[in-house]
Amino acid sequence: MSTLVTGIGELTTNDEARGGTTGRMRDAAVVLEGDAIAWVGAASDAPAADERVDVGGRAVLPGWVDSHTHLVFAGDRTAEFEARMAGEPYAAGGIATTVAATRAASDDALAANLDRLADELLRGGTTAFETKTGYGLTVDDELRSARIAGTRADAVTYLGAHLVPEGADADAYVDLVVGDMLEAVVPHVDAIDVFCERGAFDEAQSRRVLEAGRARGLALRVHGNQLGPGPGVRLAVELGAASVDHVAFLDDDEVRMLADTWQGGTGTVATVLPACDLSTRMPLAPARRLVDAGAVVAIATNCNPGTSYTTSMAFCVATAVLQMGLTVEEAVRAATLGGAVALGLDGAKPAGGGPDASGAGRARLPVGRIRPGARADLQVLDAPSITHLAYRPGVPLTSAVWRAGARVV
Ligand code: NIG
């Protein structure tokens, strides 16, 4: 089955061969064949297809790639949010509230909550996403979180090192995280992550976690420099992490260090999480400085019940433009291709999908670009250009979405 999407007023391809930040084309058409993109070019040259969809001059771009979420959880933290808006600072201890609710929930309840949020992501134009464990913190609860995550996510990250459980000794807990817990989850996950922050895991503990994951063949991620300056970014760079996320507190050396990782073509993506910065009333991550220095930046929602309870990549893109100083083109690239690079799903390496590849939704074809051979993931805006994502903030502009060639919105 092939579909010709035509009448595209502005096409954002992210294809470097087409030039500019986003490889933009005017009056374009795209042919989807099965789950892949088969052809991209001028509408006047478009080949015939089984079905034709005219989008009436609207803007078309790759589906969002949300590279940082925490969607396997139960419970609600409205009261904590209200207290924060009344002036209480964010404390990572709130994670324990969600851990208690998650442990008490059934598998079906956790899966239903994940489905609800994954569907919400899709309706907002997100066609690929990563999600993490991290609200179980026992071998059994982390294992079931990883299994449930794999039923919907394109990439699953093991975050046993999210918080030291109440009453546990920190170093003994790290022994568990790098020992039995890692062995249990490793067949089900793509990456390992650690919350390297005062009040969570220190540098030595974070290093142990990351080195253990690397030894088991997992990609590395770090929650770093979220609540203050710290060792997270330096550690991520030193160990060759795929991404370091949050990065709200960066000095000039750290910005340069992140940019320098890309000298050889692969490096550590700096993932900024604008909705989290706002919801925790933290400084906004210095996305402008990172892009200017030459770092590869991703924008993600960090959807979770504590620090960032949104699935809206469009909101994050608008904030990155209006408050962080990125251009719309830079923000859109960071929210599509940037996320794909962070997840290793951009096609630079062999296809991802996780060691067990059991998840129905795991990406087998590259995402983040609209070009032949990529997964047929695209979104249509009810607007003539991507500029409207920032020009009309808060307006739901998603008018159609294809994921792996299937029309889902
Ligand atoms: O990315 N920083 C650590 N983890 C989450 C917060 C989780 C929570 O508060 O529940 C984050 O912001």
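Residues numbered from 1 in each chain as written. Predicted model: local features only at pLDDT ≥ 70, side-chain atom pairs only at ≥ 80, totals over all residues. Heavy atoms only, no water.

What to know about the site of the ligand
Close contacts around the ligand come from 16 residues, with Arg 77, Tyr 90, Tyr 135, Gln 226 and Thr 307 the closest. Within the side chain of His 70, a nitrogen or oxygen atom sits 3.2 Å from an oxygen atom of the ligand. In this structure, an oxygen atom belonging to the ligand sits 2.7 Å away from a side-chain N or O atom of Thr 307. Alone, the ligand offers 320 Å² of accessible surface; in the complex the protein occludes 100% of this. Looking at the shell around the ligand residue by residue, the class counts come to 5 nonpolar, 10 polar and 1 charged. (Near = heavy atom within 4 Å. Polar contact = N/O pair within 3.5 Å; in protein donor to acceptor, adjacent residues only side chain to side chain. Areas by Shrake-Rupley, 256 points an atom, 1.4 Å probe, with all protein chains shown as cover. Nonpolar A, V, L, I, M, F, W, Y, C, P; charged D, E, K, R; others polar.)

Here we look at the sheet that holds strand β12 (residues 269–272)
A sheet is described by the order of its strands in space; here 8 strands give the open sequence β6-β7-β8-β9-β10-β11-β12-β13, paired in parallel fashion. Each having just a single partner strand, β6 (64–66) and β13 (297–299) make up the two edges of the open sheet. Averaged over all pairs of adjacent strands, the angle between their axes in this sheet comes to 25°, without regard to strand direction. One ladder, built from 3 bridges, connects strand β8 (residues 155–161) with strand β9 (residues 191–196); its direction is parallel. Its bridge partner being in β9, Tyr 158 is matched across the sheet by Ile 192. (Pairing = 2+ DSSP bridges. Helix = DSSP H or I, 4+ residues; strand = E, 2+ residues; numbered from the N terminus. Axes fitted to C-alpha atoms, helices over the stretch in contact; angles between N-to-C directions.)

Topic: the UniProt feature "binding site: Fe(3+)" (unreviewed entry) in the protein
Mapped onto this numbering, the UniProt entry gives "binding site: Fe(3+)" (unreviewed entry) at His 68, His 70, His 223 and Asn 302. These annotated residues cover 235 residues of sequence, and their C-alpha atoms lie no more than 12.2 Å from one another, placing them together at a single site. Relative to the assigned elements, His 223 resides in strand β10 (residues 219–224). Of the residues examined, His 223 reaches a relative accessible area of 3% and is grouped as buried. A distance of 3.2 Å separates the side chain of His 223 from the side chain of His 68, its partner in a polar contact. The topology assignment puts Asn 302 in the loop between β13 and α12 (313–322). Those residues in contact with Asn 302 that sit more than four places away from it in its chain are Asp 66, His 68, Thr 69, His 70, His 246, Leu 273, Cys 276, Thr 307 and Ser 308. (UniProt positions renumbered as here; feature names shortened; annotations may be inferred. Buried < 20%, exposed > 50% of the residue type's maximum accessible area, 1.4 Å probe, protein only. Contact = heavy atoms within 4.5 Å.)

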